[in-house]
Amino acid sequence: MKHLLCFLVLFLISGVGGFDLVIDEIPDEVENLIDLEIDGFPSSSKMRNGRYQRSTSDWGYVGDLVEDDDKIGLYSYKVQSTITSRLANTMIQAKMVNNAKRSQHIVFDVQVPKGAFIDNFTMDVNGITFTSKIREKAEARKMYSQAKAKGKAAGIVRSNALDMENFKTEVNVPPGTRIQFELHYHEMIRRKLSSYEHVISVKPGRLAKHMEVDVRIIEPQGLRYVHVPNSLGDHFDGITTISKGEKKAHISFKPTMAQQRKCPTCSSTAVDGNFVVQYDVNRENTGGELEIFNGYFIHFFAPENLDPLPKNILFVIDVSGSMWGLKMKQTIEAMKAILSELRAADQFSLIDFNHNVRCWRDNLVSATPAQVEDAKKYIQAIHPNGGTNINEALLRATFILNEAQNLGMLDPNSVSMIVLVSDGDPTVGELKLTTIQKNVKQSIKDDFSLFCLGIGFDVDYDFLQRIATDNRGMAQRIFGNQETSAQMKNFYNQVSTPLLKKIQFNYPQESVSDVTQSSFHNYFGGSEIVVAGKVDTENLQHLESIVTATAGNAELVMETLRDVEELDGFMKKDKYADPEFTKKLWAYLTVNQMLAERNTAPTAALKRNITKSILQMSLDHHIVTPFTAMLIENAEKDEIMLADQPKDPRRGCCPGTLGLTPNAPNNNKGIPAWANVTAVPVSFMPEQRSPPVSSLSINRVDNDPHFIIHLPKSQRNICFNINSEPGKILNLVSDPGTGVVVNGQLVGAKKTENKKLNTYFGKIGFYFKNKGLKVEITTETITLKDGSYSIPLRWSDTGHIIRKQLLISVKKESNVTITVGEEMSFMVLLHRVWKNHPVNVDFLGIYIPPENQLSPEAHGLIGQFASEPEVYIHHQRPGQAPEKPQATMEVKGNKLTVTRGMQKDYRTDRVLGTDVQCWFVHNSGKGFIDGHYKDYLVPHLYSFLKKP
């Protein structure tokens, strides 16, 4: 007797109709399945013809299942997710059995995050395996139609993308049928608000005999923290286990059947929600982390410890009648909280609109407490009514920003943005969406960004995405419920802290290809920029990147260098790491970028070309996109289903489209020749003016601390030591004429040796008064300060900061060079010691060329020798040691006994140094320097030396 098997497969959001799939020709007798391990989970997936396929196997004992009235038992529900360098591969598997005495529907219903790419679905019904493959949509539809025309079983799967996508499969099966569903998808975990958040929907719908969520994290950068909030409720306190290592973590959630119950006697499950894993990684380099593996590179860029740039922000709020009730109440609550978070340096205003457009202020105002309170009162008094005139509201906002810029009211260091909040389509004024998009594009300045929040499901989210992406912003859907206020505040927090502008990533063109978007308008604190590409690892040993960006008035140039084989050993040793993570991340970014570009393509021809590229990428990488379909069929190919994704203009273009900004201006200013540098004047871009390392004609202070003064006229080197106390600050250069100060603060060794505590420079400060700039260099960081604004780099970076014609160049774990135009330069050397050394500490050395153009007023322990004194050395004689002869030196009216010896120049060899021959002046340089060394003590790191 033949069984009739009916399939209803839906890949859709609730409310979208489904399509029946009737499959007959099922064999009369179904073989028993072979044994499998006790937990019932198959051990591996097999690939056949590019498709995953599960081997047929027995589940073991399936008794003791808890069944609802429908007599359907859930034998196992398992989620496995592995995150490899932000790429999450997730598998959701359910095994179910129909224990009823009649045929009935079994449902597999899971939620997939928006932005994820589904890459495989399999279904095993009593040993009949259905596998999937990706085809071009037209071809897949043709195959589906042919199958249906020939009378073969055929069905269709459709989807529409919202915040989460529902993948729902409903199967009508005979009594005793065992069925296994398995869905695979992958996504890139985006960093928001200083955290990566991996969200897995866990809604089994019934009690499972075996229940497990298993998450593994592999991050070569190292894990800063791992946190699993109790998102499933207090019912599951203490069940989740977390094992965290330096670079790996394992999270397991494995409730027993008793723990799954809503109550001790309940037959329903309490597992119904999202399982959330939050984490962040360690960051050593401001220039970001390069990860290279299997012919691809991924560049993760998330600098920290930068001062926020001031904002000019216009809030444009829809107050039409459709906003009445909870949506308006939640919007008002969110706006009042957002206004409270504006910084003193920010400027803002409010526009509310229905069929008319009103402005709280006709111009931008400073975010003073009084103005913020007045704006809150204005928001509180809003009463929604009327239509929706989006076009005029946005044009009014762009006019206010444009006028402020034309009048010079905008800080050139600031970031300007418009935030639109709306819940519907235009109903008043200009109604054509393409015209509104064109109008806004024409009126908004290149430096401004537009961010859009769409509330509810009536808004045309596709339009909001297009208009935001077209104007260097992004869009986000806000669900109109009790969470609206929190969602709005969360979105604002993502864009409230701009740290950098005009970010450009550069790589050697002869070594890389197919690089994803590499120019970005803004970087916001707590987020991350990711760039990927292909790299020729066969002919390249190291890959170098140069990132340029604007931070306030300063230009940052950050270099990163990585061995192309650096990750090989780590990745190959880890059995859970995805060996294709770089390839998948590159494909993920590339497809999403092309989808965003297609969304804003100005011509039909360009749109067609982009569509072809997306299609080819989808087929090459086996992912479902709006231009491909997933065919699901059995081995005999006589039953077929079609997973299709038609575009729905009410639901957005497609899953995975991100709010990517178009390319920022690309200014070809080289460091080196292959790098494209943004907004960096050629005359200031390094070449560094550090003195030639082969030359010994330089003034230097190094070690504990040893001073070496080079006298160019007499071609002599004079040395002396300063023995002071930890914490004291010595003035090295004080020049009122040029406004330059260089001071060094002493740090002591960990303990005394030979009854003496050695001291070293642990901090060096530079003050350029005429520029209003300060530079603080410690053994940990290098910080440029301009008033209250500061820009840090770390010794683990290689990079440059350019501000007001002052260039700071950092060479990783080596030295810092400060260059001031063509007038002067300074080099600070870093000395690292073993961190567990019982005595020594890290310290700094400073090297100052005598050619620096200091004024005649210059003084200080080094600065006083800008005007070279007359030195006469005579009467050379044997000293206490044969290799250290003595002599008499006449200088500044003093006769001194000096000793011939050796000191070190560490510029070429920071470990052993290079010997420098000099005449040593005893007693802390007394007689050679003016006065006593204590006369050079200053109270602060940027203090000028007081005149005697």
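Attention in this report is confined to the structure presented alongside it. (Residues numbered from 1 in each chain as written. Predicted model: local features only at pLDDT ≥ 70, side-chain atom pairs only at ≥ 80, totals over all residues. Heavy atoms only, no water.)

Moving on, we get to helix α7 (residues 461-469). Burial of α7 is extensive: 9 of the 9 residues sit out of reach of the surface. All buried positions along α7 are accounted for by Tyr 461, Asp 462, Phe 463, Leu 464, Gln 465, Arg 466, Ile 467, Ala 468 and Thr 469. Turning to α7, the residues buried within the fold contact α5 (390-406), β26 (415-422), α6 (433-443), β27 (448-455), β28 (475-478) and α10 (581-599). The opening residue of α7, the one whose side-chain oxygen lies 3.3 Å from the backbone nitrogen of Asp 462, is Asp 460. (Buried < 20%, exposed > 50% of the residue type's maximum accessible area, 1.4 Å probe, protein only. Helix = DSSP H or I, 4+ residues; strand = E, 2+ residues; numbered from the N terminus. Contact = heavy atoms within 4.5 Å. Polar contact = N/O pair within 3.5 Å; in protein donor to acceptor, adjacent residues only side chain to side chain.)

Counting through the fold element by element, Thr 550 comes out in strand β33 (residues 542-551). Owing to a relative accessible area of 8%, Thr 550 belongs among the buried residues under this scheme. There is a polar contact of 3.0 Å between the side chain of Thr 550 and the side chain of Glu 555.

This model, assessed by the stated rule, comprises 25 aromatic pairs. A ring pair is formed by Phe 297 and Tyr 507, whose centres lie 4.7 Å apart and whose planes are at 45 degrees; its orientation type is tilted. You can see Phe 297 sitting in strand β21 (residues 296-301) and its partner Tyr 507 sitting in the loop between β29 (498-506) and β30 (512-513), a full 210 residues away along the chain. Grouping residues by exposure puts Phe 297 and Tyr 507 together as buried. (Phe/Tyr/Trp six-rings, centres within 6.5 Å; stacked < 30°, edge-to-face > 60°.)

Here we take up the pairing of β27. The element β27 is extensively covered by neighbouring structure, given that 8 of its 8 residues are classed as buried. Covered by surrounding structure in β27 are Phe 448, Leu 450, Cys 452 and Gly 454 together with Ser 449, Phe 451, Leu 453 and Ile 455, the residues of both alternating faces. Judged from the 7 bridges that link them, β26 and β27 form a sheet pairing that is parallel. Looking across to β27, one finds that Leu 420 is bridged to Cys 452. (Pairing = 2+ DSSP bridges.)

Before going further, it helps to spend a moment on the side chain of Ser 414. Summarising the element assignment, Ser 414 is placed in the loop between α5 and β26. With a relative accessible area of 7%, Ser 414 lands in the buried category. Here Asn 312 takes part through its side chain, which lies 2.8 Å from a polar atom of the side chain of Ser 414. Setting aside anything within four residues of it in sequence, one finds Ser 414 in contact with Pro 310, Asn 312 and Lys 501.

It is worth spelling out the pattern of salt bridges at this point. Per the counting criterion, the structure on display carries 32 salt bridges. Note that Arg 135 and Glu 139 form a salt bridge whose closest N and O atoms lie 3.6 Å from each other. Arg 135 gets classed as partly exposed once you look at its relative accessible area, which sits at 26%. In this structure, Arg 466 and Asp 462 form a salt bridge, with 3.0 Å as the shortest nitrogen-oxygen distance. Highlighted residues: Arg 466 and Asp 462, both in helix α7, separated by 4 residues, approximately one helical turn. What makes Arg 466 buried here is its relative accessible area of 14%. Salt bridges here are not isolated pairs; linked through shared partners, they connect Arg 86, Arg 191, Glu 219, Arg 224, Asp 280, Arg 283, Glu 304 and Glu 528. (Salt bridge = Lys/Arg side-chain N within 4 Å of Asp/Glu carboxyl O.)

Attention now moves to the sheet that holds strand β13 (residues 191-192). Pairing in this open sheet of 4 strands is antiparallel, and the strands run β13-β14-β19-β16 from one edge to the other. Every other strand in the sheet has two partners, leaving β13 and β16 (223-227) as the edge strands with one partner each. Bridge count between β16 and strand β19 (residues 273-281): 4 bridges; the pairing is antiparallel. What sits directly across from His 227, in β19, is Gln 278.

Ranked by internal contacts, the top residues of the largest apolar core, which has 121 residues, are Phe 766 and Phe 928. Sort the elements by how many residues they give to this core and helix α3 (residues 326-340) lands first, with 6 residues. Discounting chain neighbours no more than four positions away, the residues touching Phe 766 are Val 741, Val 742, Leu 773, Lys 774, Val 775, Ile 777, Ile 818, Phe 826, Val 828, Ile 846 and Tyr 942. The next biggest cluster of nonpolar side chains, apart from the first, holds 54 residues, and it includes Ile 134, Val 213, Ile 239 and Ala 270. (Core = buried A, V, L, I, M, F, W, Y, C linked by side-chain atoms within 4.5 Å.)

Here the focus is the state of the cysteines. On inspection of all chains with the given rule, the structure shows 2 disulfides. Each sulfur of the disulfide joining Cys 263 and Cys 266 lies 1.8 Å from the other. The chirality of the disulfide connecting Cys 263 with Cys 266 is right-handed, given an S-S dihedral of about 95 degrees. Paired by a disulfide, Cys 719 and Cys 918 hold their sulfur atoms 1.8 Å apart. Since a negative S-S torsion denotes a left-handed disulfide, the Cys 719-Cys 918 link at about -135 degrees is left-handed. Note that Cys 719 is positioned in strand β39 (residues 716-721) and Cys 918 in strand β54 (residues 914-921), a separation of 199 residues in sequence. Cys 918 carries the same exposure label as Cys 719, and that label is buried. When the bonded cysteines of the protein chain are numbered from the N-terminus onward, they pair as 1-2, 3-4. (Disulfide = S-S within 2.5 Å.)

Two numbers describe how α6 lies on α7: the axes approach to 10 Å, and their chain directions differ by 20 degrees. Judged by the angle between their axes, α6 and α7 are roughly parallel. Along this stretch, α6 crosses α7, giving a crossing that reads as right-handed. Here Leu 433, Ile 436, Gln 437 and Val 440 of α6 lie close against α7, whose contacting residues are Phe 463, Arg 466 and Ile 467. In terms of residue class, the contact of α6 with α7 is made up of 5 nonpolar, 1 polar and 1 charged. (Axes fitted to C-alpha atoms, helices over the stretch in contact; angles between N-to-C directions. Parallel < 35°, antiparallel > 145°, perpendicular 65-115°, else oblique. Left-handed = near helix turned anticlockwise from the far one by under 90°. Nonpolar A, V, L, I, M, F, W, Y, C, P; charged D, E, K, R; others polar.)

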